[in-house]
Amino acid sequence: FADLRPSNSIRMELASIFGDIDGFTAYVENCIRNQHVSEMVTNLHVIRSELAATLKHDFGGRKVRFIGDCIQGLLAEGTRTETDSSETVREAVRVAAGMRSSFELCQENLPNVNSLGIAIGIEFGTTPITRIGIRGDRSVRCSVSRAVTASEELQSNCGGLETALGPRALQNAPAAIRRLFDAQGIAT
């Protein structure tokens, strides 16, 4: 941490995306009760891998970290020097739809996960990003900002079939995207 400086960090406007598997605690308790722990662990890894692959490979976003059954990701559209806020929010909503679609495929193909859902929160704002550790696979991406905190809070207030946009994301969303969300910024 002593070596962490603005010169080795990036600070830019972007969309923070938080996805959380809804109903996972009850699912874990049920798996423990019925002695399906290995199935539960396998299912969790498959679902997390699908969500991360959708974010990274399908939409060019970056996975920051997994927090249990949550994924934190970042996405920015634009040029090297300027973020296109409208296009970033549009693409973040597409990421959410892609994550939801991948999750539904997991529900179709994995045993005993039909009772689960995915809650997704998206917020837009200036966010610093850095890496800590040895370069390559042994480094850890870190990112904390108001947008990150807001996207996490938004997803925690959503049900398993909902996606929520924060106030800044709604403000920067194109009209076609805003129409999909209600006055509170939630779409089912």
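Preceding this section is the structure that the text describes.
Throughout what follows, the structure given in this document is the object of discussion. (Residues numbered from 1 in each chain as written. Predicted model: local features only at pLDDT ≥ 70, side-chain atom pairs only at ≥ 80, totals over all residues. Heavy atoms only, no water.)

Digging into the packing of aromatic side chains
As a reminder of what qualifies: Aromatic rings from Phe, Tyr and Trp, with only the six-membered ring used for Trp, were paired whenever their centres fell within 6.5 Å, and each pair was classed as stacked if the ring planes differed by under 30 degrees, edge-to-face if by over 60, and tilted otherwise. A run of H or I in DSSP becomes a helix once it reaches four residues, and a run of E becomes a strand once it reaches two; helices and strands are each numbered from the N terminus. Definition used: whenever NZ (Lys) or CZ (Arg) falls within 6 Å of the ring centre and also within 35 degrees of the ring normal, the charge is taken to sit over that ring.
Throughout the structure, instances matching the rule amount to one aromatic pair. Each ring, one from Phe 24 and one from Tyr 27, has its centre 5.7 Å from the other, and the planes form 45°; the classification is tilted. Placement of the pair is Phe 24 and Tyr 27 together in helix H1 (residues 24-33), with a separation of three residues, close to one helical turn. Its end group placed over the ring of Phe 66, Arg 48 keeps NZ or CZ at 4.1 Å from the ring centre.

Description of the pattern of salt bridges
Put simply, the rule reads: Whenever Lys or Arg places a side-chain nitrogen within 4 Å of a carboxyl oxygen from Asp or Glu, that contact is recorded as a salt bridge. Summary of the burial criterion: residues with accessible area below 20% of their type's maximum are buried, those above 50% are exposed, and those between are partly exposed, where the area comes from a 1.4 Å probe applied to protein chains only.
Per the counting criterion, the structure on display carries three salt bridges. Between Arg 168 and Glu 13 there is a salt bridge; the shortest N-O distance is 3.3 Å. You can see Arg 168 sitting in helix H5 (residues 167-172) and its partner Glu 13 sitting in strand S1 (residues 9-22), a full 155 residues away along the chain. Given a relative accessible area of 33%, Arg 168 falls into the partly exposed group. Judged by its relative accessible area of 29%, Glu 13 falls in the partly exposed class.

Details of a nonpolar patch on the surface
Quick reminder of the rule: The patch calculation keeps residues exceeding 30% relative accessible area without a salt bridge and links them within 9 Å when they carry like charges or within 5 Å when they are nonpolar (Val, Leu, Ile, Met, Phe, Trp, Tyr). Surface exposure here means Shrake-Rupley accessible area, sampled with a 1.4 Å probe, where a residue is shielded only by the protein chains that are shown.
A cluster of nonpolar side chains, Ile 32, Val 37 and Val 41, forms an exposed patch at the surface whose accessible area comes to about 230 Å². Position of Ile 32 among the secondary structure elements: in helix H1. Judged by its relative accessible area of 52%, Ile 32 is exposed.

What to know about the environment of Arg 100
Our working definition: Nitrogen and oxygen atoms within 3.5 Å of one another constitute a polar contact, given that in protein one can donate a hydrogen and the other can accept it, and given that sequence-neighbouring residues count only through two side-chain atoms.
Residue placement: Arg 100 occurs in helix H3 (residues 85-109). A distance of 3.0 Å separates the side chain of Arg 100 from the backbone oxygen of Glu 162, its partner in a polar contact. A distance of 2.9 Å separates a polar atom in the side chain of Arg 100 from a polar atom in the side chain of Thr 163.

Observations concerning unusual backbone geometry
Positive phi, close to 55°, is recorded for Gln 35, a residue that is not glycine. With respect to the helices and strands, Gln 35 occurs in the loop between H1 and helix H2 (37-58). With a phi close to 65°, Asn 112 is a non-glycine residue in the positive phi region. The exposure class of Asn 112 is partly exposed, given its relative accessible area of 47%.

Observations regarding the side chain of Asp 69
Basically, it comes down to this: In this tally, Lys and Arg are treated as positive and Asp and Glu as negative; His is ignored, and so are the chain termini. Pairs of residues are marked as contacts when any of their non-hydrogen atoms sit within 4.5 Å.
Tracing the chain through its elements places Asp 69 in the loop between strand S2 (62-67) and strand S3 (70-75). Nearest to the buried, unbridged Asp 69 among oppositely charged side chains is Arg 48, at 7.8 Å. Discounting residues that sit within four places of it in the chain, Asp 69 has contacts with Gly 19, Asp 20, Ile 21, Phe 24 and Leu 44.

Things to note about the side chain of Gln 107
With respect to the element layout, Gln 107 can be found in helix H3. Residue Gln 107 is classed as buried on the basis of its relative accessible area of 18%. Among the polar contacts made by the side chain of Gln 107, one reaches the main-chain carbonyl oxygen of Leu 116 at a distance of 2.7 Å. The contacts of Gln 107, once residues within four sequence positions are left out, are Val 113, Asn 114 and Leu 116.

Topic: the nonpolar core
The condition that has to hold: Residues enter a nonpolar core if they are buried and are Ala, Val, Leu, Ile, Met, Phe, Trp, Tyr or Cys, with the set joined through side-chain atoms within 4.5 Å.
Ranked by size, the top nonpolar core spans 38 residues in total, and within it Ile 17, Phe 24, Ile 122 and Leu 165 carry the most contacts. Mapped by element, the contributors of at least two residues to this core are S1, H1, H2, S3, H3, strand S4 (117-133) and H5. Per-element accounting of this core gives the leading share, eight residues, to H3. The residues touching Ile 17, leaving out its near neighbours within four places in the chain, are Leu 55, Ile 71, Gln 72, Gly 73, Leu 75, Ala 92, Val 95, Met 99, Ile 120, Gly 121, Ile 122 and Ser 151. Listed in part, the seven residues of the second largest apolar core include Phe 18, Val 64, Cys 70 and Val 148.

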